[in-house]
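Structural features, examined
Residues per chain, in single letters:
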Amino acid sequence: MAVVYVSSNKLADFLGISVNELKEIEEYFDRIPDDQWELKEGRDYRIVNKRSGLREYTQSGAHAILSFLRFQEEQSHKSSGDIKIWFNQERRKKQKALVDHKILQNSSSLIKRQDQFWLSLRDVVKILGTRDDFFRKLVEITRKQGKLIRDIHYTFFNNDNTAYISLSGIYELANAMGQIIKQNHRKEWCQDVGERITPQINAIVKEIQGRQKQIEKAKDMAKKRDRNICKVTQRAASSLAVHHLYSEAHYPHLAANLSNLITIADEIHNHFHQWMGGFNQACTIDHFIQYVLECHPENTSLILWLNQQKETLGQQLPVGAGKEHVLFIPLKRVMENN
Amino acid sequence: MPKKTASATPKKTPKKPPEKADPHLAIAAEIQRLVETYGIAKDILEDLARFVTRQLQPPPQFTVKQLQTAIYQHFGVSNATDLKKSASFKLATSGMGKLSLSNRDDLERIYRRHIGILPYEEGEVGYGCINGINIFKYDLPWRTFGLDPHQATDQDIKAAYYRLSKMYHPDSPTGDDKIFQRLNLFYKSLTEKFEQWP
């Protein structure tokens, strides 16, 4: 099991002393080598800032400081049991953060249908941190218990062969998993997935909803930056559009990036997309450069500017070409009754 | 005035109440007579008798308090506030819509989904009831098909599904589309394979 470290601040706070007092104790420990008060680097603490000597403590290190305090003036009312509980709580906190991270990294299939959230089987297997063969066994056990009902706990969408598991399905599977696995740390993981998945999915959805606002904000900023004139014709226009150089639908991760936005006249916008073959085509900055070279070659400063933006944005992969991230899935996928 | 003594009142010999015949025996006897006289199927008459009895004398229901207590116990909490905070409860009831913890219907829905068959709904007969449960209230495929999950083979599931389908397929004279849809869903729930394993 990974060693849990706590910061000096947290330890001082827990022991009811100031950080300076803790430093004095550290100095006292280090002053006389090989006496009864010894703190060993690696075992009891690690240095996190070499210049200031700031430390993070392990459970044994925290225990040594507590023993010293009790020996000195019995300043602390905390017992060794308290230290053990406290470190256990810290370890659980860290594990929950890991569970949250695992959910975030493995929920790109997230979708809301029939008033509930669903995740693909592939994502659920990864979140529960198990193997395919074990998960198959788990599905059979849950089914024998009659707790895997189609359209409640699992489903298939649009003639797709991919099975999707609902949050209540994850509850049933995690329960069954908790009953058959023996290792405590895996049991804890299942328990933590059960505890964290609903709040984490809600937080993800909130973030996706917030992204739409960020895009609108970025569009306003782009208009301001471009002084409300069309950057192609360099003239004011009756109606302006803010165009995504890398299309919003295919490069959602760039949708709120100011470098990916350009203010152009509506007329130019429509013309560009016609030139592309429709609004649904996955346009990139290269397409836009090509368009300007073909249709507006006189605007050399724009070509320079576009090349600058291209360098800033770097190489980009459209959705589907790389691993999609849940934070950039379309908003409509997580909205009610889509 | 002299007090009346107990002995002054004449002793009444308590009357024995007239012996009431066991209604269950009477119903069974009548069913037997109808079967023999008219050749009606016994199980149909028994179902009807159970239906009439439940309508006239419905079994006592759980109170809201009893339902709440059972649900608190199931999710390992002691009150509604803790239940609302419980991560397990939130996860388990996701997709059940907005639930009120003081609403009898909602509490019964939670009980049915997560605890089991409500004692007063056990052995229910009537529309939508198969093998003693209402298939619209309960997602219990094994019970609906009358199978033991630990013994039943794929063939047994198929046979049970076909037997019920004959009865409830919309093309059959006794058919019912809603019931048939439900049976289909249960059949899929027991047999559907997740082909695309990661």
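Residues numbered from 1 in each chain as written. Chains lettered and ligands numbered in written order. Predicted model: local features only at pLDDT ≥ 70, side-chain atom pairs only at ≥ 80, totals over all residues.

1. Some points on the overall build of chain B
As a reminder, the rule being used: The numbering of helices and of strands both runs from the N terminus, where a helix is a DSSP run of H or I of at least 4 residues and a strand a run of E of at least 2. Contact definition: two residues whose C-beta atoms, as placed from backbone geometry, lie within 7 Å.
When helices and strands are counted, chain B shows nine helices and two strands. Sequence-ordered secondary structure for chain B, helices as α and strands as β, is α-α-α-α-α-α-β-β-α-α-α. Sequence-distant contacts in chain B: of pairs separated by 6 or more residues, those separated by 24 or more amount to 35%.

2. Focus on the interface of chain B and chain A
Bring the parts together and some accessible area is lost; that lost area is often taken as the interface size. Going by this rule: The residue classification treats Ala, Val, Leu, Ile, Met, Phe, Trp, Tyr, Cys and Pro as nonpolar and Asp, Glu, Lys and Arg as charged. All others, Gly included, are polar.
Each partner contributes residues to the interface: chain B has 24 residues there, and chain A has 29 residues. Of all the secondary-structure elements, those providing two or more residues to the side of chain B that touches chain A are helix H5 (87–92), helix H7 (141–144) and helix H9 (177–191) of chain B. If one sorts the elements of the side of chain B that touches chain A by residue count, H5(B) sits on top with five residues. Among the residues making up the side of chain B that touches chain A, the classes are represented as 12 nonpolar, seven polar and five charged.

3. Overview of the sheet that holds strand E4 (residues 111–113) of chain A
All names here are of chain A. Just so we agree on the cut-off: Strands are labelled as partners when DSSP assigns at least two bridges between them. Axis definition: a line fitted to C-alpha atoms, over the contacting stretch in the case of helices. Angles run 0 to 180 degrees between N-to-C directions.
Pairing within the open sheet is antiparallel, and its four strands lie in the order E4-E5-E7-E6. The outermost strands of the open sheet, each flanked by one partner alone, are E4 and strand E6 (154–156). Sheet twist, expressed as the mean angle between neighbouring strand axes with direction ignored, is 40 degrees. Pairing between E6 and strand E7 (residues 163–166): three bridges, direction antiparallel. Within the sheet, the bridge partner assigned to Tyr154 lies in E7 and is Ile165. Strand contacts of helix H5 (residues 121–128): strand E5 (116–120) and E7, with the helix running at about 85 degrees to E5, the strand carrying the most contacts. In this fold helix H7 (residues 167–180) packs onto E5, E6 and E7, with an angle of close to 85 degrees to the strand it touches most, E7.

4. Considerations on the confidence of the model for chain B
Interpretation of the predicted coordinates at a detailed level should be avoided for regions scoring low in pLDDT. Residues and elements named next belong to chain B. We apply this condition: The score called pLDDT rates the predictor's confidence residue by residue, from a low of 0 to a high of 100.
Per-residue confidence for chain B averages 87 on the pLDDT scale, and 88% of its residues sit at or above 70. Low pLDDT, under 50, characterises residues 1–8; the stretch is placed with zero contacts to residues that sit more than four places away or in other chains. Quick note on the complex model: pTM equals 0.70, ipTM equals 0.76.

5. Digging into the confidence of the model for chain A
Of all residues in chain A, 95% have pLDDT values of 70 or greater, and the mean over the chain is 87. Taken element by element, chain A is modelled with least confidence in helix H3 (residues 59–72) of chain A, mean pLDDT 83, and with most confidence in strand E9 (residues 261–265) of chain A, mean pLDDT 96.

6. Describing the sheet that holds strand E2 (residues 45–49) of chain A
Residue and element names in this part refer to chain A. The strand order E1-E3-E2 describes an open sheet built from three strands, whose pairing is antiparallel. Each edge of the sheet is formed by a strand with only one pairing partner; in this case those strands are strand E1 (6–7) and E2. In this structure, E1 lies alongside strand E3 (residues 54–57), joined through two bridges in antiparallel fashion. Looking at the pairing, Val6 lines up with Tyr57 of E3.

7. Topic: the packing of helix H1 (residues 23–38) of chain B against helix H2 (residues 42–56) of chain B
In helix packing, the relevant descriptors are the interaxial angle and the interaxial distance, both defined with respect to the helix axes. All names here are of chain B. Formally: Crossing chirality is assigned from the near helix's rotation relative to the far helix, an anticlockwise turn below a right angle marking it left-handed and a clockwise turn marking it right-handed.
Where H1 meets H2, the axes come as close as 10 Å, and the angle between the chain directions of the two elements is 145 degrees. Considering how the two elements wind past one another, H1 and H2 form a crossing that is right-handed. Together, Ile27, Ile31, Leu34 and Val35 of H1 and Lys42, Leu45, Glu46 and Ala49 of H2 make up the contact between the two elements.

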